[in-house]
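# Coordinate inspection notes
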Amino acid sequence: MRLVALLLALSLSGPVAAQHSHSATGHAMPGPQETGQSAFAAMAEIVALLRADPDTDWANVDIAALRRHLVDMELLTMEAEVTRSVRPAGIRFEIRGAPRVLEAIRTMVPAHAPFLAAETGWEVTTEDVGDGVALLVDGDSDQIQGLGFFGLMTIGAHHQEHHLMMAKGAPPHH
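What counts, and where the lines are drawn
Residues numbered from 1 in each chain as written. Predicted model: local features only at pLDDT ≥ 70, side-chain atom pairs only at ≥ 80, totals over all residues. Heavy atoms only, no water. Pairing = 2+ DSSP bridges. Helix = DSSP H or I, 4+ residues; strand = E, 2+ residues; numbered from the N terminus. Axes fitted to C-alpha atoms, helices over the stretch in contact; angles between N-to-C directions. Contact = heavy atoms within 4.5 Å. Core = buried A, V, L, I, M, F, W, Y, C linked by side-chain atoms within 4.5 Å. Buried < 20%, exposed > 50% of the residue type's maximum accessible area, 1.4 Å probe, protein only. pLDDT = per-residue confidence, 0-100.

### A word on the sheet that holds strand 4 (residues 132–138)
As summarised here, the arrangement of the four strands in space is 1-2-4-3, forming an open sheet in which the pairing is antiparallel. Where the open sheet ends on each side, the last strands, each with one partner, are strand 1 (81–86) and strand 3 (123–128). The average angle at which neighbouring strand axes cross in this sheet is 20°, direction not considered. Of the pairings in the sheet, the one linking strand 1 to strand 2 (residues 90–96) comprises six bridges and is antiparallel in character. Among the inter-strand pairings, Thr 83 is bridged to a residue of strand 2, identified as Glu 94. In this fold helix 5 (residues 99–120) packs onto strand 2, strand 3 and strand 4, with an angle of close to 15° to the strand it touches most, strand 4. Across the face of the sheet, helix 6 (residues 141–153) comes into contact with strand 1, strand 2 and strand 4 while running at roughly 15° to strand 2.

### Quick look at the nonpolar core
One finds Leu 76, Phe 93, Ile 95, Leu 135 and Val 137 to be the most contacted residues of the largest nonpolar core, which totals 23 residues. Counting only elements with at least two residues in this core, the list comes to helix 4 (63–79), strand 2, helix 5, strand 4 and helix 6. Excluding residues that lie within four positions of it along the chain, Leu 135 makes contacts with Ile 91, Arg 92, Phe 93, Ile 95, Val 109, Ala 113, Val 124, Thr 125, Thr 126 and Phe 149. One finds Ile 46, Leu 66, Leu 70 and Leu 164 within the second-largest nonpolar core, a separate group that totals eight residues.

### So, the confidence of the model for the chain
Note that predicted coordinates carrying low pLDDT should not be read in detail. Chain-level statistics for the chain give a pLDDT mean of 83 and a share of 79% at 70 or above. A low-confidence stretch, residues 1–23 (pLDDT under 50), is modelled with 21 contacts involving residues beyond four sequence positions or located in other chains.

Shown next, in the form of structure tokens:
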């Protein structure tokens, strides 16, 4: 039933004009689907899910917290500086950035480490290095090196659920 509600919400989340546009031949034409920016799209997806769920506790919903997290994701992805050193069992990544980027690094990297370890079975630890965070990943060295820090940050299908939990005002790291 929730899947039906989700599909209905997502199908109805586009502009009404786009759902009813027609070509000169009278056949329905698909309207634009892209919301214009990835953070906005992520928030729109979560809002659609929340609105489709009759059990949503609106008193606890915190889209602003989700937005702050998405800003952190953007800063980490686009502005963090990463160096790496090969170790016998894996790689050590040191992640640094300007003060606001460092805040995002300190928020996201240690929080992601347990998810990365659980998903891969690798040994994953973090260390505060004063002006940054070190991520130590021991396991399949070739894969770890090939993915690099940013590829490793994408591993694990927890991101979407994490965003939903954050928006609901629930603890995002379960």
